[in-house]
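Chain by chain, the residues run as shown.
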Amino acid sequence: MGWFIFIAIFVLMFIWGIAIRNNIVRYFNATKRAWAEVANFEVQKAKILGNLEQVLTKYTEFEKSTLEKVTELRQQILHLNLNHTDVSQLQHIEKLSQDLIKNLNVVVENYPELKADQIYLKMMGEIQEQNENVGAAITIFNRNVEAFNNTIQVFPNNLINTLTLSKKAIRPFSDPILLKNFDYRPNF
């Protein structure tokens, strides 16, 4: 009878140890998954930034060439001699004006809703949304880190962890720039 109780206690402790080990693995995997979400949102933000860079480059080139044409046309008009009729200069101005209008029409045909500032604002909104997603994912990650760290550090879980997995505590994310500008420090 004594051996039976001893074996039963041993089996229960063994099952309990397996349950603790499995719990540690679950929390560790949840932390890894949460970190993958943080990385995923950062990758999405990087894609949007790449697209923004391309759009801004495209519009910068367009706006630069358009601005140069507008500036050249304006300079030619300002240098038009009002006291002396110079048809060739007026023809040149008209040609510049027609070229500018033609260029604008081609661009408007290619970009029917040409509003560089709207596209820019839309992409900035998308970046802001991704920043919010990253912030939410970091919060979830830090909660999972806390749960995992608590699981491996409390007794008797720490013994099971040391004997079977040897998982180390994970450092939660913190923003050093934000902390530098934040005066409150808890007295841990």
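- In the nomenclature of an unreviewed UniProt entry, the protein corresponds to LemA family protein from the organism Acinetobacter piscicola.
- Under the UniProt heading Subcellular location (unreviewed entry), the entry covering the protein gives this text: "Membrane".

### Let's talk about helix H4 (residues 157-165)
Moving on, step 1. What H4 keeps buried is the set Asn157, Ile160 and Asn161. The buried residues of H4 occupy an angular sector of 100 degrees when the element is viewed end-on, so they sit on one face. Residues Thr162 and Leu163 are exposed on H4 and point more than 90 degrees away from its buried face.
Moving on, step 2. Trailing H4 by a residue or two, serine 166 shows a phi angle of about 55 degrees, which is positive.

### Topic: the packing of aromatic side chains
Moving on, step 1. Counted according to the given criterion, the structure contains 3 aromatic pairs.
Moving on, step 2. Relative to phenylalanine 6, the ring of tryptophan 3 lies with its centre 6.1 Å away and its plane at 90 degrees, an arrangement referred to as edge-to-face. One end of the pair is tryptophan 3 and the other is phenylalanine 6, both in helix H1 (residues 2-78) and 3 residues apart, which spans about a single turn.
Moving on, step 3. Residue phenylalanine 6 is classed as exposed on the basis of its relative accessible area of 51%.
Moving on, step 4. With 5.4 Å between their ring centres and 55 degrees between their planes, phenylalanine 28 and phenylalanine 148 make a pair best called tilted. With phenylalanine 28 in helix H1 and phenylalanine 148 in helix H3 (residues 116-153), the pair connects residues that are 120 residues apart, well separated along the chain.

### Concerning a nonpolar patch on the surface
Moving on, step 1. A grouping of Trp3, Phe6, Ile7, Phe10, Val11, Phe14, Ile15 and Ile18 is seen on the molecular surface, where their side chains present a nonpolar patch of about 900 Å² in accessible area.
Moving on, step 2. By the secondary structure assignment, isoleucine 7 is in helix H1.

Reading the values: the criteria
Sequence order as written defines the numbering, with residues in each chain counted from 1. Residues qualify for local features only when their pLDDT is at least 70, as the model is predicted, and side-chain atom pairs are given and counted only at 80 or more; totals for whole chains, interfaces and linings, by contrast, use all residues. To get the side-chain values, take all heavy atoms of the structure and skip hydrogens and water. UniProt positions are given in the numbering used here, feature names are shortened, and annotations may be inferred rather than shown by experiment. Note on exposure labels: buried denotes an accessible area under 20% of the residue type's maximum, exposed denotes more than 50%, and partly exposed covers the range between, all computed with a 1.4 Å probe on protein chains only. Going along the chain from the N terminus, every DSSP run of H or I of four or more residues is numbered as a helix, and every run of E of two or more is numbered as a strand. Read the arc as the range of directions from the helix axis to the C-beta atoms. Any Phe, Tyr or Trp ring, taking Trp's six-membered ring, that has another such ring centre within 6.5 Å forms a pair; planes under 30 degrees apart are called stacked, those over 60 apart edge-to-face, and the others tilted. A patch is a set of surface residues, each over 30% in relative accessible area and not in a salt bridge, joined within 9 Å for like charges and within 5 Å for the nonpolar side chains Val, Leu, Ile, Met, Phe, Trp and Tyr. Note on areas: Shrake-Rupley, 1.4 Å probe, and residue coverage restricted to the protein chains presented here. Within this document, salt bridges are pairs made up of a side-chain nitrogen of Lys or Arg and a carboxyl oxygen of Asp or Glu, the two lying within 4 Å of each other.

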